[in-house]
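# Observations on chain architecture
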Amino acid sequence: MSHPGPIGMFDSGIGGLSVLAAARSALPGESFVYLADQASFPYGPRSAAAVRVLSERAARVLLEEGAKVIVVACNTASAHALAHLRRTFDVPFVGLVPAVKPAALQTHSGVVAVLATEGTLGGALFHAVRREFANGVRVLELAANGLASAIERGGPWAAETEDLLAGYCGDVRRSGADVVVLGCTHYGFVRRRAQELLGDDVAILDTADAVARQLAHVVAEHRLAAPPGGPSAVRLLTTGSVGDLRRTVEALERAGGLPSLGAEYAEVRV
Ligand code: DGL
């Protein structure tokens, strides 16, 4: 059995495109439709109830586009809305949680740092994972306020992004952490720079590849693979300005932050 529909994904902005890139290389025969809810960016400081409402609305947009499975490509939305989405809709959902478990297994110093939005760090999902898997390990929670916004508005190369990132990397170094978990999809775009600032003795974990593997597993398990020889197109939707999104994506493609997506763009009114 196969399913010709696209794989849906959403985030508050461009962050989830780092997950889209990983998913495309894991599932090259699939088409994708991605919603950047830029009119509501950022999700990080919003209440759990507000993020649930926005996530439900995003899922409805993707279902109208024919999505056969939905990836919540945002840690904050996963923290507050994943359970609600699974209860509300019939399609399978794949969500994200900061990679605390592999970090706790990997640390030698006994200290790991988690960089995420305050929404993710305050959510029940993160606390459950931390309780279950990080026993005996010191977890430094860094609510990286402003970092996702700096990346969303100015790009990974902006001076504001660099200043904030340098500050957080300094906090990590002073803590003695030897593993850093990137707990927000936007941070995937500054991973290389963070590695330079932290040095090679600190490992950086992000979840994009693990999520892509989990997505491939869900697609196979539910017999949702696209029929062979299909179009494997990418459609990028935004609740904000389509011109701004296109400019940002093209700049990321040119800078090597994203592979060439060959995307088609559209604005959605919500
Ligand atoms: N990219 C989102 C995440 O993974 C958050 C950015 C925001 O605050 O909206 O958490």
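See the structure printed just above.
Described in the following lines is the structure provided in the data block. Not measured: the values here are computed from a predicted model.

Near the ligand there are 14 residues, and of these Ser12, Tyr43, Asn75, Thr76 and His186 occur at the shortest range. Separating an oxygen atom of the ligand from a side-chain N or O atom of Thr76 is a distance of 2.7 Å. Contact between the ligand and His186: a nitrogen atom at 2.8 Å from a side-chain N or O atom of the residue. Because more than half of its atoms lie within 2 Å of the grid, the ligand is assigned to the second largest pocket. A class-by-class count of the residues in the shell around the ligand yields 6 nonpolar, 7 polar and 1 charged.

This part takes up the nonpolar core. Within the largest apolar cluster, 56 residues are counted, with the highest numbers of intra-cluster contacts made by Met9, Leu17, Leu20, Val71, Tyr187, Leu215 and Leu236. In terms of residue count, the dominant contributor to this core is helix H1 (residues 17-26) (5 residues). Residues within four places of Leu236 in sequence aside, it is in contact with Leu17, Leu20, Tyr34, Leu245, Val249, Leu261, Ala263, Glu264, Tyr265 and Ala266.

Take the sheet that holds strand E2 (residues 32-36) next. Within the open sheet, the 6 strands sit side by side as E4-E3-E1-E2-E9-E10. Their pairing is parallel. If you trace the sheet from one side to the other, it starts and ends with strand E4 (93-94) and strand E10 (264-267), each paired once. Pairing of strand E1 (residues 7-11) with strand E3 (residues 69-72), which is carried by 4 bridges, proceeds in the parallel orientation. Across the sheet, the residue bridging to Ile7 is Val69, located in E3. Against the sheet, helix H10 (residues 208-221) contacts E1, E2, E3 and E4, and its axis sits at roughly 165° relative to E3. Strands in contact with helix H11 (residues 242-254) are strand E9 (234-238) and E10; relative to E10, the strand with the most contacts, it is inclined by about 150°.

Under the defined criterion, the tally for this structure stands at 1 cavity of 30 Å³ or more. When its volume is computed, the largest cavity comes out at roughly 40 Å³. Taken together, Leu115, Leu165, Tyr168, Cys169, Val172, Val180, Leu182, Ala194 and Leu198 make up the full set of residues lining the largest cavity. Within the residue set of the lining of the largest cavity, elements represented by two or more residues are helix H8 (159-175), strand E7 (179-182) and helix H9 (191-198).

A few words now on helix H7 (residues 147-154). Among the 8 residues of H7, 6 are classified as buried, and the element is accordingly described as predominantly covered. Residues of H7 that are buried include every one of Leu147, Ala148, Ser149, Ala150, Ile151 and Glu152, and no others. In this fold, the buried residues of H7 make contact with strand E5 (111-116) and H8. Count one or two residues on from H7 and you reach Gly155, which has phi positive near 95°.

Rules used in this analysis
- Residues numbered from 1 in each chain as written.
- Predicted model: local features only at pLDDT ≥ 70, side-chain atom pairs only at ≥ 80, totals over all residues.
- Heavy atoms only, no water.
- Near = heavy atom within 4 Å.
- Polar contact = N/O pair within 3.5 Å; in protein donor to acceptor, adjacent residues only side chain to side chain.
- 1 Å grid on protein atoms, 1.4 Å probe; cavity = no way out; pocket = protein on both sides within 12 Å on 5 of 7 lines; lining within 4 Å.
- Sits in = over half its atoms within 2 Å of the grid points.
- Nonpolar A, V, L, I, M, F, W, Y, C, P; charged D, E, K, R; others polar.
- Core = buried A, V, L, I, M, F, W, Y, C linked by side-chain atoms within 4.5 Å.
- Buried < 20%, exposed > 50% of the residue type's maximum accessible area, 1.4 Å probe, protein only.
- Helix = DSSP H or I, 4+ residues; strand = E, 2+ residues; numbered from the N terminus.
- Contact = heavy atoms within 4.5 Å.
- Pairing = 2+ DSSP bridges.
- Axes fitted to C-alpha atoms, helices over the stretch in contact; angles between N-to-C directions.
- Points joined across faces, edges and corners; volume = space filled by probe spheres on them.

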